[in-house]
Amino acid sequence: DELISQIAAGEVVERPASVVRELVDNALDAGARQIQVKLMAGGVRSIVVEDDGCGIPAEQLPLALKRHATSKIASLTDLESVATMGFRGEALAAIASVSEMLLASRAEGAAHAHRIDARSGELQAAARARGTSVEVRELFFSTPARRKFLKTDATELAHCVEAVRRHALARPDVGFAIWHEGKLVDQWRAASSEQRLSDVLGADFITESRAFEHSAGPLAVSGRAGLPEAARSRADMQYVYVNGRYVRDKLIAHAVRSAYEDVLHGQRQPCYVLFIEIDPERVDVNVHPTKIEVRFRDGREVHQRVRHAFVDALASSRS
Ligand code: ADP
Ligand code: MG
């Protein structure tokens, strides 16, 4: 089972940033309002994610670390309409198999917190307010071949910050802070969506982009299309979300690119933020273990709507 977990870890955990992404997903699923990410040596030495979410009851702590243990879906029909970021019950087990993991949590109404050491399974009393802290130390210490593929601490840190940035753009209602070696790297307080965009991408992005918002039937698209000025300092900053989940999708990228080609006659690396809200039954998020890929039931409609939204926004900037 240890080996199977390590193989699963290979699909879910590529580098410290993958751990950050999964832990922040869990914090958001737990209803956190404030999330702290604390890193040492680019996250390779340690990653701590603290939240003020619902917490995990003591008796469920050992279960949270088990493979395929998820509290989020109860049946296969739920899988057709997942609303949470997580649902596979894989991440904690996979991460624990390639690191030293400590989990501390206090559920609402519990007399105190509990902590569990993933390796020994030992459960102890601990002190903390409601919520959960997950500490991941010495990533890939037992799999030196994987550890060798990690880049410099500075590069790994940049990927970790980018992972938090992706979450922060989608959840302006949640406060985020990132620390490295005890120093505050970035902090975004809970704010309106526009304020969060400005905080994360820079105030000039707001003036150098055009907002759009279209909604019809089970599909709504909104966001901001960056003008050429925006791309100058932010080439390749492209954020696409489907039902709040950051995704990379060729179909969507193509739709956006063709809009930029039509209106601005080929802008190579446009900068944009796109939120797609769609009936969960019309999109499959269970395509890849990292959930970064999705499959639409009606890809053509999504393509058309995204393309139109960008053509509209960009064309209005020219008149
Ligand atoms: P998944 O998110 O797919 O359910 P994970 O392995 O990421 O699987 O987490 C396993 C379980 O541990 C979750 O279903 C949840 O019950 C619990 N859990 C993990 N992190 C947190 C957290 N920060 N707050 C509350 N519960 C958590
Ligand atoms: Mg999860």
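Quantities reported herein were computed from a predicted structural model and do not represent experimental measurements. (Residues numbered from 1 in each chain as written. Chains lettered and ligands numbered in written order. Predicted model: local features only at pLDDT ≥ 70, side-chain atom pairs only at ≥ 80, totals over all residues.)

When helices and strands are tallied, the protein shows twelve helices and 15 strands. Here the protein has a C-alpha radius of gyration of 20 Å; the compact-globule value for 319 residues is 20 Å, and the two agree. Here the C-alpha coordinates of the protein stretch approximately 65 × 45 × 40 Å along the principal axes. Across the 319 residues of the protein, 42% fall into the buried class. For the protein, the share of sequence-separated contacts (at least 6 apart) that also reach a separation of at least 24 residues comes to 66%. (Helix = DSSP H or I, 4+ residues; strand = E, 2+ residues; numbered from the N terminus. Rg over C-alpha atoms; globule rule 2.2 N^0.38 Å. Buried ≥ 20, exposed ≤ 12 C-beta atoms within 10 Å, placed from the backbone. Contact = placed C-beta atoms within 7 Å.)

The strands making up a sheet associate through backbone hydrogen bonding, with each pair oriented either parallel or antiparallel. Ordered by their spatial adjacency, five strands build an open sheet running E9-E10-E13-E11-E12, and the pairing between neighbours is mixed. Looking at strand neighbours, the two that pair on one side only are strand E9 (209–216) and strand E12 (245–246), the edges of this open sheet. Summarising the sheet, E9 and strand E10 (residues 219–226) pair through eight bridges and their orientation is antiparallel. Of the residues in E10, the one forming a bridge with Ala216 is Leu219. (Pairing = 2+ DSSP bridges.)

Glancing now at the domain arrangement of the protein. Each domain of the protein was delimited in the assignment, giving domain 1 (2–188) and domain 2 (202–316). For domain 1 versus domain 2, the distance between C-alpha centres works out to 28 Å. (Domains from an automatic or database assignment.)

Another aspect to go through is the packing of helix H7 (residues 153–170) against helix H8 (residues 193–201). Relative orientation of the contacting elements H7 and H8 amounts to 160°, with a least axis distance of 9 Å. Relative to H8, the element H7 is oriented roughly antiparallel. Like other packed secondary-structure pairs, H7 and H8 cross with a definite hand, here left-handed. Residues Arg165, Ala168 and Leu169 of H7 touch H8, and the partners they reach there are Arg196, Leu197 and Val200. (Axes fitted to C-alpha atoms, helices over the stretch in contact; angles between N-to-C directions. Parallel < 35°, antiparallel > 145°, perpendicular 65-115°, else oblique. Left-handed = near helix turned anticlockwise from the far one by under 90°.)

The strand order across the open sheet formed by eight strands is E5-E4-E3-E6-E2-E1-E7-E8, and the pairing between neighbours is mixed. Looking along the sheet, the strands with just one partner apiece sit at the ends: strand E5 (123–126) and strand E8 (183–188). Along the sheet, successive strands turn relative to each other by an average axial angle of 15°, direction set aside. Against the sheet, H7 makes contact with strand E1 (34–40), strand E7 (175–180) and E8, and its axis sits at roughly 175° relative to E7, the strand it touches most.

Its identity is not glycine, yet Ala41 carries a phi of approximately 50°, on the positive side. Within the element layout of this structure, Ala41 appears in the loop between E1 and strand E2 (46–51). Residue classification places Ala41 among the partly exposed residues on the basis of 18 C-beta atoms within 10 Å. Of note in this structure, Phe140 is not a glycine but carries a positive phi near 65°. Here Phe140 is to be found in the loop between strand E6 (131–137) and helix H6 (144–147).

Moving on to H7. Taking 1.5 Å of rise per residue, 18 residues should cover 26 Å, and H7 covers 26 Å from first to last C-alpha, within 8% of that figure. Taken together, the buried positions of H7 are occupied by Glu156, Leu157, Cys160, Val161, Ala163, Val164, Arg166, His167, Ala168, Leu169 and Ala170. (Expected span 1.5 Å × (residues − 1).)

This next bit is on the environment of Ala96. With respect to the secondary-structure elements, Ala96 resides in helix H5 (residues 91–96). Considered as a pair, Ala96 and Ile206 are 110 residues apart in the sequence and their alpha carbons are 41 Å apart. Excluding its chain neighbours within four sequence positions, the residues that come into contact with Ala96 are Leu65, Met101 and Ala118.

Quick look at the pairing of E1 now. Side chains of E1 alternate between two faces, with Ile35, Val37 and Leu39 buried and Gln34, Gln36, Lys38 and Met40 left unburied. Sheet topology note: the E1/E7 ladder contains six bridges and is parallel. In the sheet register, Gln34 faces E7, and the bridge partner there is Gly175. For E1 and E2, the ladder comprises six bridges, and the chain directions are antiparallel. Looking at E2, one finds that Val37 is bridged to Val49.

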